[in-house]
Amino acid sequence: MKHRFITASLLASVLSAPACAQEAQETNETLIATVNGQTYELNLFRAYYGEILAQRNGQDSPELQEQAFNEFMNLIVASQEGEKRDLEDNPEVQAALALQRMMVLSAAALQSIGAEIQPTETELKQAYDEFVQQSQRTEYKARHILLDDKDKAQALIEELDAANGEGFAALAEKNSLGPTAEKGGDLGWFDARRMVKPFADAIAEMEPGTYSAQPVQTQFGWHVILLEETRTAEPPTFDEAKPQLQALLRQRKVAETLAGLRNTADVQLNEEVVKLKEAPAE
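Residues numbered from 1 in each chain as written. Predicted model: local features only at pLDDT ≥ 70, side-chain atom pairs only at ≥ 80, totals over all residues. Heavy atoms only, no water.

S.K.: Could you clarify how one ought to interpret the pattern of salt bridges in this entry?
M.R.: Side chains that differ in sign of charge can pair as their charged atoms come close. Summed over all chains, the structure comprises 13 salt bridges. Taking the shortest distance from any N to any O, the salt bridge between E139 and R137 comes out at 3.5 Å. Exposure remark for E139: the relative accessible area of 13% places this residue in the buried category. In this structure, a network of salt bridges that share partners links the residues R137, E139, D191, R193 and R231. (Salt bridge = Lys/Arg side-chain N within 4 Å of Asp/Glu carboxyl O. Buried < 20%, exposed > 50% of the residue type's maximum accessible area, 1.4 Å probe, protein only.)

S.K.: Help me understand the environment of R56 in this model?
M.R.: Relative to the helices and strands, R56 resides in helix α3 (residues 42–56). R56 gets classed as partly exposed once you look at its relative accessible area, which sits at 38%. Non-local contacts of R56, meaning those with residues more than four positions away in its chain, are made with L64, Q67 and E71. (Helix = DSSP H or I, 4+ residues; strand = E, 2+ residues; numbered from the N terminus. Contact = heavy atoms within 4.5 Å.)

S.K.: What is the right way to read the nonpolar core from this model?
M.R.: One recurring pattern in soluble globular proteins: nonpolar side chains tend to sit buried together. If you look at the biggest cluster of nonpolar residues, it comprises 15 residues, and the most contacted ones within it are I32, V35, F45, Y48, A68, F72 and I76. Only β1 (31–35), α3 and α4 (62–84) provide two or more residues apiece to this core. Per-element tally for this core: the top contributor is α4, with 6 residues. (Core = buried A, V, L, I, M, F, W, Y, C linked by side-chain atoms within 4.5 Å.)

S.K.: Would you mind showing me how to read helix α5 (residues 91–116) here?
M.R.: Helical geometry note: an α-helix holds 3.6 residues per turn, so side chains three or four residues apart project in the same direction. Counted at 1.5 Å a residue, the expected span for α5 with its 26 residues is 38 Å, and the 38 Å between its end C-alpha atoms agrees. For α5, the N-terminal cap is N90; the gap from its side-chain oxygen to the backbone nitrogen of E92 is 2.8 Å. (Expected span 1.5 Å × (residues − 1). Polar contact = N/O pair within 3.5 Å; in protein donor to acceptor, adjacent residues only side chain to side chain.)

S.K.: Would you take a moment to explain unusual backbone geometry for this structure?
M.R.: The phi torsion of most residues other than glycine is negative, and most of the peptide bonds are trans. Residue D86 is not a glycine yet carries a positive backbone phi of 60°. Residue placement: D86 occurs in the loop between α4 and α5. A positive phi is found at N164, a non-glycine position, where the angle reads about 55°. Given the relative accessible area of 69%, N164 is considered exposed.

S.K.: Is there a simple way to explain a negative patch on the surface in this structure?
M.R.: A surface patch of negative charge is lined by E83, D86, E88 and D89. Given a relative accessible area of 51%, D86 falls into the exposed group. (Patch = residues over 30% accessible without salt bridge, like charges linked within 9 Å, V, L, I, M, F, W, Y side chains within 5 Å. Areas by Shrake-Rupley, 256 points an atom, 1.4 Å probe, with all protein chains shown as cover. Lys, Arg positive; Asp, Glu negative; His and termini not counted. Charge placed at Lys NZ, Arg CZ, Asp CG, Glu CD.)

S.K.: Got a minute to help me understand the layout of surface pockets in this structure?
M.R.: Where empty space is left in the structure can be found by rolling a water-sized probe over the atoms. In this structure, the second largest pocket spans a volume of roughly 430 Å³. Contributing to the lining of the second largest pocket are 16 residues, with Y40, L44, F72, L75 and S79 lying nearest its centre. Residue assignment for the lining of the second largest pocket shows that the elements contributing at least two residues are β2 (38–41), α3, α4 and α5. It is α4 that contributes the most residues to the lining of the second largest pocket, 6 residues altogether. In the lining of the second largest pocket, the residues fall into 9 nonpolar, 4 polar and 3 charged. (1 Å grid on protein atoms, 1.4 Å probe; cavity = no way out; pocket = protein on both sides within 12 Å on 5 of 7 lines; lining within 4 Å. Points joined across faces, edges and corners; volume = space filled by probe spheres on them. Nonpolar A, V, L, I, M, F, W, Y, C, P; charged D, E, K, R; others polar.)

S.K.: Before we go on, may I ask you to explain the packing of α5 against helix α10 (residues 238–264) in this structure?
M.R.: For any two helices packed against each other, the geometry comes down to the angle between their axes and how far apart the axes lie. Where α5 contacts α10, the two axes come as close as 9 Å, and the packing angle between them is 125°. In terms of axis orientation, α5 runs oblique to α10. In the crossing of α5 with α10, the sense of the turn from one axis to the other is right-handed. Mapping the contact onto sequence places L110, I113 and G114 in α5 and R250, V254, T257 and L258 in α10. Looking at the contact of α5 with α10, its residues break down into 4 nonpolar, 2 polar and 1 charged. (Axes fitted to C-alpha atoms, helices over the stretch in contact; angles between N-to-C directions. Parallel < 35°, antiparallel > 145°, perpendicular 65-115°, else oblique. Left-handed = near helix turned anticlockwise from the far one by under 90°.)

Keep in mind that these numbers describe shape and distance, not what the molecule does.
Next comes the structure, spelled out in structure tokens:
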């Protein structure tokens, strides 16, 4: 019987994770298809589907499973055609296959190295202290009025000057072109890095309770800014940051291990192909 397409409902069970080690072993030996007399294991499709999810930043769904399976079947028949045409003997194809093998083995080795690394509590706390020092930053609470003309912005600043800065929210609600107009221009609390540079630079120079003395131009238009308050952002607790710190330390140690492997490797370069840089004169 020839099956050109498969429905999503038939794939749901074969892609579900095995419940125990014994089932995992059985799944490893399970065939997903036999095409032109050549057998293909379920695990091969699992690997392909994993790549599809990663490449498309997608979430697992019956529709994606169905699409991936039919693409997988196309891959099978096209690769079989390549074998019939003896394309494995093509030097470019051989190089591509060798490169793919190296990439898969490299990724598996680094993953295996990372799985063996268990950062200690001392290392984690030291990394947390470094993280806290590096993550200290100021957050701002501000309002703004967005206008499409510098003269209009300047006129509102003069109006605020005449009123000793009173009525900013009302002016924003009446005049601002931005989506915050209905909230009196309220931007809430924010990290200046979220803002475009001219806005961030202007607010960093202001004191709480003051408004911009001159209109501030950004790609969105002209702004009149009121800085209401500032605060030092609270870093996450050690327990909250711990998973991120564990991943960071593993990544560092994997990089250190890789550098060690590189430094201790017996490397003999073909200097007719690889031109080495001369060491700088001391």
